[in-house]
Amino acid sequence: MSRLIRGILLAAGVLLAGIVAASDDYIRDYADRVKAADWSAVETLTVALDEHSFEPSELRFKAGKAYKLQLKNVGKKDHYFTAEKFFRSVAWRKVMVDRQGEIKAPYFTAFEPLKNGGQIDLYFVPVTRGSYEVICTIDDHKQQGMTGTLFIE
Ligand SMILES: [Cu+2]
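Residues numbered from 1 in each chain as written. Predicted model: local features only at pLDDT ≥ 70, side-chain atom pairs only at ≥ 80, totals over all residues.

**Focus: the sheet that holds strand S2 (residues 53-55)**
Phase 1: The strand order across the open sheet built from six strands is S2-S1-S4-S9-S6-S7, with neighbouring strands paired in mixed fashion. Lying at the two open borders of the sheet, with one neighbouring strand each, are S2 and strand S7 (101-103). For this sheet, the mean inter-axis angle between neighbouring strands, taken without regard to orientation, is 20°.
Phase 2: Of the pairings in the sheet, the one linking strand S1 (residues 43-50) to strand S4 (residues 67-73) comprises seven bridges and is parallel in character. By the bridge assignment, Thr 44 is partnered in S4 with Lys 68. (Pairing = 2+ DSSP bridges. Helix = DSSP H or I, 4+ residues; strand = E, 2+ residues; numbered from the N terminus. Axes fitted to C-alpha atoms, helices over the stretch in contact; angles between N-to-C directions.)

Next comes the structure, spelled out in structure tokens:
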């Protein structure tokens, strides 16, 4: 194998490893970032999940600010709020399920507020700027319109 080809393969390998690491990563210092945010000024946003949309379908967040994002399934079908990359780009404080309990974890992949009014409240601090897709992964709901964009600015 020539040195050139070996060099190209090595560079491609390093690049690929970088991409895998980035997509698998999460906000490691989330606890410090959650503690640093001003929770007395928390901003509450609500997304309604329905047949077949997220309302609103676009949400804008400011990095470093404290948020409570309420996900409410107002529809008659099951729906998912799947935004794995976004959920790895925020510092998690907690998730509250219908005032029944709290869940604490460094990151999540999807949430499913139960149909006919189920609600899940997400408490987090946005960190990594960018635009992130949110979709419903059930059947063809994405194709029917259950897609949206989450911005961290
Ligand atoms: Cu759906």
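**Some words on the environment of His 52**
Phase 1: Relative to the assigned elements, His 52 resides in the loop between S1 and S2.
Phase 2: Along the primary structure His 52 and Asp 140 are separated by 88 residues, whereas in three dimensions their C-alpha atoms are 9.6 Å apart.
Phase 3: Excluding anything up to four places from it in sequence, His 52 contacts His 141, Gln 144, Gly 145 and Met 146. (Contact = placed C-beta atoms within 7 Å.)

**Things to note about the environment of Lys 104**
Phase 1: Looking at where Lys 104 falls in the secondary structure, it is placed in the loop between S7 and strand S8 (110-111).
Phase 2: Between the C-alpha atoms of Lys 104 and Tyr 123, which are 19 residues apart in sequence, the distance is 9.9 Å.

**Topic: unusual backbone geometry**
Phase 1: Here Glu 51 and His 52 are connected by a cis peptide whose omega angle stands at -10°.
Phase 2: The step from Glu 55 to Pro 56 runs through a cis peptide bond, and the omega angle for that step is 0°.
Phase 3: As for its placement among the helices and strands, Pro 56 is situated in the loop between S2 and strand S3 (58-61).
Phase 4: Residues other than glycine seldom take positive phi values, yet Asn 116 does so here, at roughly 65°.
Phase 5: Looking at the element boundaries, Asn 116 is found in the loop between S8 and strand S9 (119-126).
Phase 6: Notably, Asp 139 is not glycine yet its phi reads approximately 40°, a positive angle.
Phase 7: Summarising the element assignment, Asp 139 is placed in the loop between strand S10 (130-135) and strand S11 (147-152).

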